[in-house]
Amino acid sequence: MWKKAKLGAKLLVILCIVGLLFTGCGKTESDTPSNNDPVEQSELAGKKIVLATTTSTQDSGLLDVLVPAFEEETGIEVDVVAVGTGQAITLAKEGNADVLLVHARADEDKFVEEGYGSEAWDVMYNQFLIVGPAEDPAGVKDSASAVEGLQKIAETGAKFVSRGDDSGTHKKELKIWKEAGIDPSGQEWYLSAGQGMGDTLKMADELRAYALTDEATFLAMDLELEVVSKGDPSLLNPYGIIKVNSSKEQEAASAFINFIVGEEGQKIIGEFGKEKFGSPLFTPDAKKR
Amino acid sequence: MESLRQVVGMLISGDPDLYEIIFLSLRVSFTAVALGILFGIPLGAFLSFKDFRGKQLAVNVLYTFMGLPPVLAGLFVYFLVTRHGPLGKWQLLFTPRAMIMAQFLLVFPIIAGLSMVAINSKAERYVATAISLGANSQQVAWTVIKEARLGIMAAIITAFGRAIAEVGAVMLVGGNIEHSTRVMTTAIMMETRKGNYTLALALGLVLLTISFITNSLLNYFQREVRT
């Protein structure tokens, strides 16, 4: 009968079997963790929230420590959507996220003022670095400030790769260019990539160019680039966390924020990266706005 | 709505940035498809006419590569042209050439595979006839390929559609650099990441319109070929 069956019918049967195999596997795997969960944590257990955040928190690995700790304590599941700050805010405005964790203070304040969010907190800060090729063709290492460093890059026409994606890091970079009195857009040495931090650093590495990066992402990547400017006050990078007002999971969202700005969350943030990089990547500084 | 009006306005007023992106998209994808035709049709014909050990395996590999994920194609090219890679000294990474290489990897198997199928479907009928008329093997091959031209044209249209719509590979090896390697799909991706969803959508509609015009031209050409 199999031999007589038409080719199409055979194909259909094979596809069905393959499909069943895969769905079967998927189910058994996803069922295991919840079955093994021993304790019922709180009345919020089993709820699910979406955290819209920037790629830097995800790429640095911080959320891989913070989120599981919160999930274990409360039983609330957190889905992390790591995108650029611009997209994260749009997602939150359109009600597709419950909590926002980003670093673009002006946009955060606007988000709250326009009534999209509340319970805004300072969470932590890390620092930005200017990185570049070891030979440092523009001599940024000898400059006194970040502003002077960028001025030297512009003067020598050394290549600079910009995020160019409206992210918090990109906005920071534009602010320092402005302070330096330089409009880099359209310059031949200024490459606007429109991509995430990791991709931008890879590009700078390949092209032997300079870039502005957050410290966490830079340390987490294996690159030939070196730090050419750090420590300047204008390079500090504060993160904020905000509850989205249109969220249907108000209590779970508040629980998450309270955890992050609370003792345990702040301790995890302060410890993170010590083991791997010798010093913590983020400095906790929780403060209600 | 406002974004759509803005983009249409940019189209009408001949906004140089927008047209730069559109023309680079077309240049990269057309070049990749042209190279795909150059290498793909001969391979398709070869697989159709020749019998050899392991042919079924070769065909299965070809079919698998017809479904090659664009990011994977991009990664192959990335490792070829990265600074420390085998082609690193030519500094092809983040240039349109690298983008063409990646899209070529995507369209070549499609053109070869679908050409093979098109030629197979005509071979049975025409090979016997051509031989009975005293044609040599080269003449037979040429006759059958000509008879299969409609199927081959469909292969080319499919390949172009895959190339122009692809984003993963050109993002990786092109880098979406403004005024240099930014194309329609990477621009759409970037505006989406920025949260400018409506602008991204408007750019997407422009891309669809361009594809529609290109396909209409190809179809017109196909009809001309038929008659």
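All residue numbers refer to positions counted from 1 along the written sequence of the respective chain. Labels are handed out in written order, letters beginning with A for the chains and numbers beginning with 1 for the ligands. Reporting of local features is limited, given that this is a predicted model, to residues whose pLDDT is at least 70; pairs of side-chain atoms are given and counted only at 80 or more, and all residues count toward the totals for whole chains, interfaces and linings. The side-chain numbers reported here are obtained from all heavy atoms of the structure, hydrogens and water having been left aside.

1. Describing helix α8 (residues 197-207) of chain A
Then, in step 1: Throughout this description, buried means an accessible area under 20% of the type-specific maximum (1.4 Å probe, protein chains only), exposed means over 50%, and partly exposed covers the range between. Strands are runs of DSSP state E lasting at least two residues, helices are runs of H or I lasting at least four, and both sets are numbered from the N terminus onward. With respect to burial, α8 of chain A is a largely interior element, eight of its eleven residues being buried.
Then, in step 2: Just downstream of α8 of chain A lies Arg208 of chain A, where phi reads positive at about 55°.

2. Digging into the confidence of the model for chain B
Then, in step 1: pLDDT is a per-residue confidence score from the predictor, ranging from 0 to 100. Per-residue pLDDT for chain B has a mean of 91; in total, 99% of the residues score no lower than 70.
Then, in step 2: At the level of chain-chain contacts, confidence expressed as ipTM amounts to 0.75, with global pTM at 0.78.

3. Examining the environment of Glu148 of chain A
Then, in step 1: Inspection of the secondary structure assignment puts Glu148 of chain A in helix α6 (residues 146-156).
Then, in step 2: Sequence separation between Glu148 of chain A and Ser229 of chain A is 81 residues; the distance between their C-alpha atoms is 9.9 Å.

4. Here's the deal with the side chain of Thr200 of chain A
Residues and elements named next belong to chain A.
Then, in step 1: Within the secondary structure, Thr200 is located in helix α8.
Then, in step 2: Separated by 2.7 Å, the side chain of Thr200 and the backbone oxygen of Gly196 make a polar contact.
Then, in step 3: Other than its neighbours up to four places away in sequence, Thr200 contacts Val161, Ser162, Arg163 and Gln195. N or O atoms closer than or at 3.5 Å make up a polar contact, with two conditions inside protein: a donor-capable atom paired with an acceptor-capable one, and, for residues adjacent in sequence, both atoms drawn from side chains. The contact criterion used throughout is that any non-hydrogen atoms of two residues lie within 4.5 Å.

5. What about unusual backbone geometry?
Then, in step 1: A positive phi angle, close to 55°, is found at Glu119 of chain A, a residue other than glycine.
Then, in step 2: For Glu119 of chain A, the position within the fold is in strand β4 (residues 117-132).
Then, in step 3: Glu119 of chain A gets classed as partly exposed once you look at its relative accessible area, which sits at 23%.
Then, in step 4: At Phe94 of chain B, a position not held by glycine, the phi torsion is positive, near 65°.
Then, in step 5: Along the polypeptide, Phe94 of chain B turns up in the loop between α4 (70-81) and α5 (96-132).
Then, in step 6: In this structure Phe94 of chain B comes out as buried when scored by relative accessible area, which is 8%.

6. Comments concerning the pattern of salt bridges
All names here are of chain A.
Then, in step 1: What makes a salt bridge here is a side-chain nitrogen of Lys or Arg within 4 Å of a carboxyl oxygen of Asp or Glu, nothing more. Evaluation of the coordinates by the stated rule reveals 20 salt bridges over all chains.
Then, in step 2: In this structure, the salt-bridge partner of Glu249 is Lys47, at a minimum N-O distance of 3.8 Å. Taken as a pair, Glu249 in the loop between β9 (236-244) and α10 (250-261) and Lys47 in the loop between α1 (7-36) and β1 (48-54) lie far apart in primary sequence, 202 residues in all.
Then, in step 3: Under the relative-accessibility criterion, Lys47 is labelled partly exposed at 33%.
Then, in step 4: Note that Lys287 is salt-bridged to Asp122, the shortest N-O span being 3.4 Å. Of the two residues, Lys287 is situated in strand β10 (residues 283-288) and Asp122 in strand β4; the sequence distance between them amounts to 165 residues.
Then, in step 5: With a relative accessible area of 10%, Asp122 lands in the buried category.
Then, in step 6: Here the residues in one salt-bridge network are Arg105, Glu108, Asp109, Asp122, Lys287 and Arg289, joined through shared partners.

7. Observations regarding the confidence of the model for chain A
Then, in step 1: In this model, chain A carries an average pLDDT of 87, and 85% of its residues clear a pLDDT of 70 or more.
Then, in step 2: Across chain A, the secondary-structure element scoring lowest on mean pLDDT is α1 of chain A, at 54, and the one scoring highest is strand β5 (residues 160-162) of chain A, at 97.

8. Brief notes about the interface of chain B and chain A
Then, in step 1: Opposite the 18 residues of chain B that make contact, chain A presents 22 residues.
Then, in step 2: What gets called buried area is simply the loss in accessible area from a 1.4 Å probe that two parts show on being joined, summed for both. For the chain B face of the interface with chain A, the top three residues by lost area are Arg83, Arg193 and Lys194 of chain B, together amounting to 36%.
Then, in step 3: Seen at the junction of chain B and chain A, the total is one salt bridge.
Then, in step 4: The partner of Glu224 of chain A in a salt bridge is Arg83 of chain B, and the shortest N-O contact between them spans 3.6 Å.
Then, in step 5: The tally of links from chain B across to chain A stands at 13 residue pairs in polar contact (both at pLDDT 80 or more).
Then, in step 6: A total of four residues in the side of chain B that touches chain A trace back to one element, the largest contributor, which is helix α9 (residues 184-194) of chain B.
Then, in step 7: Gly is put with the polar residues, along with every residue not named as nonpolar or charged; the nonpolar set is Ala, Val, Leu, Ile, Met, Phe, Trp, Tyr, Cys and Pro, and the charged set is Asp, Glu, Lys and Arg. Broken down by class, the residue content of the side of chain B that touches chain A amounts to seven nonpolar, six polar and five charged.

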